[in-house]
Amino acid sequence: MTYSDDYQPTPTSTWPVPTPNYPPFIPSTWPFAPNPWSQQLQQQQQEQDFREKEQPLTFVLIHGSWADASFWAGVAAELSKKGHTVYVPEFPGHGADPNKNVTHAMISKSVADFISSNNLHNVILIGHSFGGSVIQKVAELVPNRIKRLVFYNAFVLKDGEALADELPPSVVEQFKQLTASSKNNTITLPFDFFREAFTNLASLQQAQAIYKKAFPEPAGPLFEKLDLKKFYSLSIPKSFVHIMEDNVIPFGDPNYGWHPHMSSRLGLFRFLQLHGDHMTTAFYEPKLVARKLYEAARD
């Protein structure tokens, strides 16, 4: 899989994004007689569009570590084009916030407060990577406002675990060394690690562009043990979207991994897959990611 360098997502200042009008799947002035295959494709596309228009959803998208709200810019725009309402909140220690001395509780509470203050209900709450642990805790805080939780190659922690417990010891040791060498208890990833683990499907130019957005990550929340007893008592529907070439957690060790190692903890859940890597796919194939997230969220 390769990605075109032409797509450069531009974050907008507010969500949701206005929905533009688009032409039908096949123009009415199509000059050739449609064969059965093209007729079937047209019917399938019309059915897809009808289902999306029939059930508009409210999405709240939560980014992961070494990212900010702009991670979701292209995906949010694609979901908005389909008539969905999309919110992309930023949380403490990320984006423009200079204070990196934050806790996991501060982050999850800020997202729960965002949902409550905007009086959102029937929310499709989506977490990517570290955002999985965030939506686990947010679900505990505002369970009656959430329609479904969607984990997009996101951490699903056991009760009493920290995110660092789901990483190989060599990676944890590297993170501890990087934290100790920082002046503000943050982790700045070396480019070679980021390029091979987070953007393994990208061109060098694309990987460098994404890396420029990877600001130092507050280390504290990655090492906090989380009480998740309430989360595992909730009956909120759940989905897991598996990114098949994601190399952040190395393949082959049954003690680590996105699926089925962590996804299976969700109990009964909807499962979808797509080809992609941890970071590049959301930036350069937002339409594909938006499509999968919708399929994970719809009734």
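It should be noted that the structure appears before, not after, this text.
Residues numbered from 1 in each chain as written. Predicted model: local features only at pLDDT ≥ 70, side-chain atom pairs only at ≥ 80, totals over all residues. Heavy atoms only, no water.

**Quick word on the packing of aromatic side chains**
Consideration 1: Taken as a whole, this structure holds 14 aromatic pairs when the rule is applied.
Consideration 2: Here Tyr87 and Phe114 contribute two aromatic rings whose centre-to-centre distance is 5.9 Å and whose plane-to-plane angle is 70°, an arrangement assigned as edge-to-face. Pair noted here: Tyr87 is in strand β2 (residues 85-87) and Phe114 is in helix α3 (residues 104-117), with a separation of 27 residues, a long-range link.
Consideration 3: Joined through ring pairs, the aromatic side chains of Trp66, Phe175, Phe191, Phe193, Phe194, Phe198 and Tyr211 make up one cluster. (Phe/Tyr/Trp six-rings, centres within 6.5 Å; stacked < 30°, edge-to-face > 60°. Helix = DSSP H or I, 4+ residues; strand = E, 2+ residues; numbered from the N terminus.)

**Looking at the side chain of Glu166**
Consideration 1: Here Glu166 is to be found in the loop between β4 (146-154) and α5 (169-181).
Consideration 2: Side-chain polar atoms of Glu166 contact the side chain of His261, separated by 2.9 Å.
Consideration 3: Here Glu166 is in contact with Phe155, Leu157, Glu161, Ile249, Asn255, Tyr256, His261, Met262 and Arg265, once residues within four sequence places are set aside. (Polar contact = N/O pair within 3.5 Å; in protein donor to acceptor, adjacent residues only side chain to side chain. Contact = heavy atoms within 4.5 Å.)

**With respect to the packing of α3 against helix α4 (residues 131-141)**
Consideration 1: Where α3 meets α4, the closest approach of the two axes is 9 Å, and the angle between their N-to-C directions is 55°. Here α3 is positioned oblique relative to α4, judged by the angle of their axes. Where α3 crosses over α4, the handedness of that crossing is right-handed. For the pair α3 and α4, contact is made by His104, Ile107, Ser108, Lys109, Val111, Ala112 and Ile115 and by Ser133, Val134, Lys137, Val138 and Leu141, respectively.
Consideration 2: Of the residues that constitute the contact of α3 with α4, the class distribution is 7 nonpolar, 3 polar and 2 charged. (Axes fitted to C-alpha atoms, helices over the stretch in contact; angles between N-to-C directions. Parallel < 35°, antiparallel > 145°, perpendicular 65-115°, else oblique. Left-handed = near helix turned anticlockwise from the far one by under 90°. Nonpolar A, V, L, I, M, F, W, Y, C, P; charged D, E, K, R; others polar.)

**Looking at the pattern of salt bridges**
Consideration 1: This model, assessed by the stated rule, comprises 11 salt bridges.
Consideration 2: Salt-bridge contacts for Glu295 lead to Arg291; the nearest nitrogen and oxygen are separated by 3.2 Å. In this pair, Glu295 and Arg291 both sit in helix α10 (residues 286-297), 4 residues apart, roughly one turn of the helix.
Consideration 3: Judged by relative accessible area, Glu295 falls into the buried class, the value being 18%. (Salt bridge = Lys/Arg side-chain N within 4 Å of Asp/Glu carboxyl O. Buried < 20%, exposed > 50% of the residue type's maximum accessible area, 1.4 Å probe, protein only.)

**Structural notes on the side chain of Ser108**
Consideration 1: You can see Ser108 is positioned in helix α3.
Consideration 2: Note on Ser108: relative accessible area 4%, which makes it buried.
Consideration 3: Sequence-distant contacts of Ser108, defined by excluding residues within four places in its chain, comprise Val134, Lys137, Val138 and Leu141.

**Things to note about helix α7 (residues 204-211)**
Consideration 1: Inspection of α7 places Gln206, Ala207 and Ile210 among the buried residues, and these make up the whole buried set. Down the axis of α7, the smallest arc covering the buried residues is 100°, so these residues share one side.
Consideration 2: The elements touched by buried residues of α7 are α6 (191-197) and α9 (280-284). (Arc of directions from axis to C-beta.)

**Observations concerning unusual backbone geometry**
Consideration 1: Following His259, the chain continues to Pro260 via a peptide bond in cis, the omega torsion being 5°.
Consideration 2: Position of Pro260 among the secondary structure elements: in helix α8 (residues 258-262).
Consideration 3: One non-glycine residue with positive phi stands out, namely Trp66, at about 55°.
Consideration 4: Residue placement: Trp66 occurs in the loop between β1 (58-62) and α2 (73-81).
Consideration 5: Its identity as a non-glycine residue notwithstanding, Ser129 has a phi of 55°, on the positive side.
Consideration 6: If you trace the backbone, Ser129 turns up in strand β3 (residues 123-129).

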